[in-house]
Amino acid sequence: EIWVKAGQPDKALAWAERGLKAFSERPDNRLRDFLVAAYLDRQRNDEALALTWVQFDENPSLQTFSKLHAVAGQLGIWPEQRERALTRLDDSIAREAAMTNSRKPKPSVPNHSLRVEIALWEEDLDAAWVAAHQGTCDRHLLIALAGKLEAGSPEDAVSLYRRVVPLIVEDTNNAAYEEATRLIRKVGKLMKVLDQSRDFGNYLAELRLQFKPKRNFIKLLDGVARSTEYTR
């Protein structure tokens with residue numbers, strides 16, 4: 001960076017390449033990003049793309065996926081690179097789920113959280129919905145997806161909120177109970193729009209039966225029931 005500020009970009013590039021080679025076992029992605037930008041400036045496009053792919057392969061994440069999007073988009077080859085990335089991600093998810101060891105003696109349900117996160121970033125709600133139902137998914141992503149589905153697909157939003165609520169309640173603390181209650185109220189509003197108020201009452205009864213030992217949660221649930229009856 002000092003060489004760049006001094007108007008010596010070639011020396012900056014040489015120093016960065018030396019640094020990456022010297023610390024190949026402990027690379028810093030800031031150095032890689034610097035090199036990617038330098039390579040693109042010099043039309044060394046294959047090297048820029050390859051170095052971006054290294055980051056994605058090492059650590060598949062929304063951040064590294066978005067880096068691929070930026071570089072491949074600049075080069076005009078994003079559609080094929082996107083398919084390649086998603087295929088690798090699917091393979092990685094499947095391998096991780098199938099992996100067994102002393103701590104994980106049996107295969108697990110595939111975790112599609114990252115696939116859902118990417119679909120949300122791309123604003124592809126259909127893809128996010130499909131991925132969310134292909135395995136497990138971080139509940140915060142499910143809540144985010146439900147929020148985006150409320151306007152156009154309220155039934156799907158209700159389905160996701162109902163999927164998440166028990167997971168939150170099982171955290172067994174007052175903060176979790178309050179979060180679950182907030183989502184339950186959303187379910188109530190959506191079901192009212194869908195003319196399913198009676199079904200919402202049945203849903204509350206099911207929750208009360210399922211979590212009867214959790215007294216603090218039941219108190220909050222009773223509050224939801226009272227307010228629902230008042231506004232019905």
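Residues numbered from 1 in each chain as written. Predicted model: local features only at pLDDT ≥ 70, side-chain atom pairs only at ≥ 80, totals over all residues. Heavy atoms only, no water.

Trainee: Teacher, can you tell me more about the overall build of the protein chain here?
Mentor: In terms of regular secondary structure, the protein chain is built from 13 helices and zero strands. Start at the N end of the protein chain and walk to the C end: the helices and strands fall as α-α-α-α-α-α-α-α-α-α-α-α-α. The principal-axis extent of the C-alpha atoms belonging to the protein chain is close to 75 × 45 × 35 Å. Scored against the burial criterion, the 232 residues of the protein chain give a buried share of 38%. Only carbon and sulfur atoms are counted for the fraction: they give 51% of the accessible area of the protein chain, which is about 14,100 Å². Taking the average place of the 35 positive charges on the side chains of the protein chain and the average place of its 34 negative ones, the gap between the two points comes to 7 Å. (Helix = DSSP H or I, 4+ residues; strand = E, 2+ residues; numbered from the N terminus. Buried < 20%, exposed > 50% of the residue type's maximum accessible area, 1.4 Å probe, protein only. Areas by Shrake-Rupley, 256 points an atom, 1.4 Å probe, with all protein chains shown as cover. Lys, Arg positive; Asp, Glu negative; His and termini not counted. Charge placed at Lys NZ, Arg CZ, Asp CG, Glu CD.)

Trainee: What am I meant to see in the nonpolar core here?
Mentor: When a protein is soluble and globular, its nonpolar side chains tend to lie buried together. One finds Val116, Tyr161, Val165, Ile184, Phe200 and Phe217 to be the most contacted residues of the largest nonpolar core, which totals 40 residues. Breaking this core down by element, the ones donating at least two residues are helix 7 (113-121), helix 8 (125-132), helix 9 (139-149), helix 10 (154-169), helix 11 (174-193), helix 12 (197-210) and helix 13 (215-231). If near-sequence neighbours (up to four positions away) are discounted, isoleucine 184 is found in contact with Val165, Phe200, Tyr203, Leu204, Leu207, Phe217, Leu221 and Val224. Formed by 25 residues, the second largest nonpolar core is a distinct cluster that contains Leu13, Ala16, Leu49 and Trp78. (Core = buried A, V, L, I, M, F, W, Y, C linked by side-chain atoms within 4.5 Å. Contact = heavy atoms within 4.5 Å.)

Trainee: Please clarify how the packing of helix 10 against helix 11 should be interpreted in this entry.
Mentor: When two helices pack together, you describe them by how their axes are tilted relative to each other and by the distance separating the axes. The N-to-C vectors of helix 10 and helix 11 enclose an angle of 160°; their axes lie 9 Å apart at closest approach. For the element pair helix 10 / helix 11, the angle class is roughly antiparallel. Considering the relative orientation of helix 10 and helix 11, their crossing is left-handed. Across the interface between the two elements, Pro154, Ala157, Val158, Tyr161, Arg162, Val164, Val165, Ile168 and Val169 from helix 10 touch Ala176, Tyr177, Glu179, Ala180, Leu183, Ile184, Lys186, Val187, Leu190 and Met191 from helix 11. Residue composition of the contact of helix 10 with helix 11, grouped by class: 16 nonpolar, no polar and three charged. (Axes fitted to C-alpha atoms, helices over the stretch in contact; angles between N-to-C directions. Parallel < 35°, antiparallel > 145°, perpendicular 65-115°, else oblique. Left-handed = near helix turned anticlockwise from the far one by under 90°. Nonpolar A, V, L, I, M, F, W, Y, C, P; charged D, E, K, R; others polar.)

Trainee: Would you mind going over helix 7 with me for this structure?
Mentor: Since the α-helix turns once every 3.6 residues, residues separated by three or four places project in the same direction. Along helix 7, seven of the nine residues are buried, which leaves the element largely enclosed by surrounding structure. The positive-phi residue at the C-terminal boundary of helix 7 is glutamate 123, with phi of around 60°.

Trainee: Would you take a moment to explain helix 11 for this structure?
Mentor: For helix 11, spanning 20 residues, the distance from its first C-alpha to its last is 29 Å, which sits close to the expected 28 Å at 1.5 Å a residue. What helix 11 keeps buried is the set Ala176, Tyr177, Glu179, Ala180, Thr181, Leu183, Ile184, Val187, Gly188, Leu190 and Met191. For helix 11, the capping residue at the N-terminal end is asparagine 173, with a side-chain oxygen 3.1 Å from the backbone nitrogen of alanine 175. Looking at the residues trailing helix 11, positive phi occurs at aspartate 195, about 60°. (Expected span 1.5 Å × (residues − 1). Polar contact = N/O pair within 3.5 Å; in protein donor to acceptor, adjacent residues only side chain to side chain.)

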